[in-house]
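Chain by chain, the residues run as shown.
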Amino acid sequence: MGHGADRTTTATARDRLETVGAADVAATLQALATPSRLRILARLQEGPCAATELADAVGMEQSACSHQLRLLRNLGLVTGERRGRSVIYALYDNHVAELLEQALYHVEHLRLGLRDAPAGADAAVGADAAVGADAAAGAHTAAGAR
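Calculation criteria
- Residues numbered from 1 in each chain as written.
- Predicted model: local features only at pLDDT ≥ 70, side-chain atom pairs only at ≥ 80, totals over all residues.
- Heavy atoms only, no water.
- Helix = DSSP H or I, 4+ residues; strand = E, 2+ residues; numbered from the N terminus.
- Contact = heavy atoms within 4.5 Å.
- Core = buried A, V, L, I, M, F, W, Y, C linked by side-chain atoms within 4.5 Å.
- Buried < 20%, exposed > 50% of the residue type's maximum accessible area, 1.4 Å probe, protein only.
- Salt bridge = Lys/Arg side-chain N within 4 Å of Asp/Glu carboxyl O.
- Pairing = 2+ DSSP bridges.
- Axes fitted to C-alpha atoms, helices over the stretch in contact; angles between N-to-C directions.
- Left-handed = near helix turned anticlockwise from the far one by under 90°.
- Nonpolar A, V, L, I, M, F, W, Y, C, P; charged D, E, K, R; others polar.
- pLDDT = per-residue confidence, 0-100.
- Parallel < 35°, antiparallel > 145°, perpendicular 65-115°, else oblique.

A few words on the overall build of the chain. The helix and strand tally for the chain stands at seven helices and three strands. Going from the N terminus to the C terminus, the chain shows its helices and strands as α-α-α-β-α-α-β-β-α-α. Within the chain, contacts between residues at least 6 apart in sequence are counted, and of these 48% link residues at least 24 apart.

Listed below in structure tokens is the structure:
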């Protein structure tokens, strides 16, 4: 989820929250807190859509959908471009699609009772296995020497 620049950073998430503002990040996450807004974002992930079609696609009244779109637009999650009498909405960028995908992935993991391995666990497991194999080989060699 880069910005077209080098994504490597030594700053922690805590440091970055201080830089960008925790309140702004919280507002973005709150935008994902209602099923209607999630449905709107999911539909827009499929591609741009006119406001009237969008309301039909997500099963909302036009006025309610417009209200949610206004909020999503103010938070920078969607864009609206006027074409004649219609406004065509789209996700602001791929970051928004990634937010939705990550939220879905997390909920799916919770429902399945799965957890990702902690960062660095694979390296530690590999190192422990290597130490265990070396120790086993040493024990086997020592036993053979008797």
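Ile-40, Leu-41, Leu-44, Leu-54, Cys-65, Leu-69 and Val-78 are the most contacted members of the largest nonpolar core, which totals 22 residues. Put simply, the parts of the chain that give this core at least two residues each are helix H3 (35-45), helix H4 (51-58), helix H5 (62-74), strand S3 (86-91) and helix H6 (94-112). Of all the elements, H4 adds the most residues to this core, at four residues. Discounting chain neighbours no more than four positions away, the residues touching Leu-41 are Leu-32, Leu-72, Val-78, Leu-91, Val-96 and Leu-100.

We now examine the pattern of salt bridges. The tally for this structure, following the rule as stated, stands at one salt bridge. A salt bridge links Arg-83 to Glu-81; the shortest N-O distance between them is 3.4 Å.

Right, let's get into helix H1 (residues 13-20). Burial runs low along H1: only zero of the eight residues are buried. Immediately downstream of H1, the backbone of Gly-21 shows phi near 100°, a positive value.

With that out of the way, let us pick up the sheet that holds strand S1 (residues 49-50). Across the sheet, three strands lie side by side as S1-S3-S2; this open sheet has antiparallel pairing. Edge positions in the open sheet fall to S1 and strand S2 (78-83), since each of these has one partner strand only. Alignment of S2 against S3, held across six bridges, turns out to be antiparallel. Paired with Arg-83 across the strands is Ser-86, a residue of S3. Across the sheet, H3 lies against S1, S2 and S3, angled at about 90° from S3, the strand it touches most.

For the rest of this paragraph, the subject is the packing of H3 against H4. Between H3 and H4, the shortest axis-to-axis distance is 10 Å and the interhelical angle comes to 115°. Considering only the axes of H3 and H4, their crossing is right-handed. Along the contact surface, H3 presents Arg-39, Ile-40, Arg-43 and Leu-44, while H4 presents Leu-54, Ala-57 and Val-58. Tallied by class, the residues present in the contact of H3 with H4 amount to five nonpolar, no polar and two charged.

What follows concerns the environment of Ala-55. Position of Ala-55 relative to the elements: it lies in helix H4. The exposure class assigned to Ala-55 is buried, which follows from its relative accessible area of 2%. As a C-alpha pair, Ala-55 and Leu-69 span 14 residues in sequence and 9.9 Å in three-dimensional space. Beyond its immediate sequence surroundings of up to four residues, Ala-55 is in contact with Met-60, Glu-61, Gln-62 and Cys-65.

When the pLDDT values of the chain are averaged, the result is 83; 75% of them are 70 or greater. Across the chain, element-level confidence peaks in H3 with a mean pLDDT of 97 and bottoms out in helix H7 (residues 121-145) with 48.

Once that is clear, we can look at the packing of H4 against H5. One way to put it is that H4 packs onto H5 with a least axis distance of 9 Å and a crossing angle of 105°. With respect to H5, the axis of H4 lies roughly perpendicular. Each of Ala-51, Thr-52, Leu-54, Ala-55 and Val-58 in H4 lies in contact with H5, whose residues at this interface are Gln-62, Cys-65 and Leu-69. Classifying every residue of the contact of H4 with H5 gives six nonpolar, two polar and no charged.

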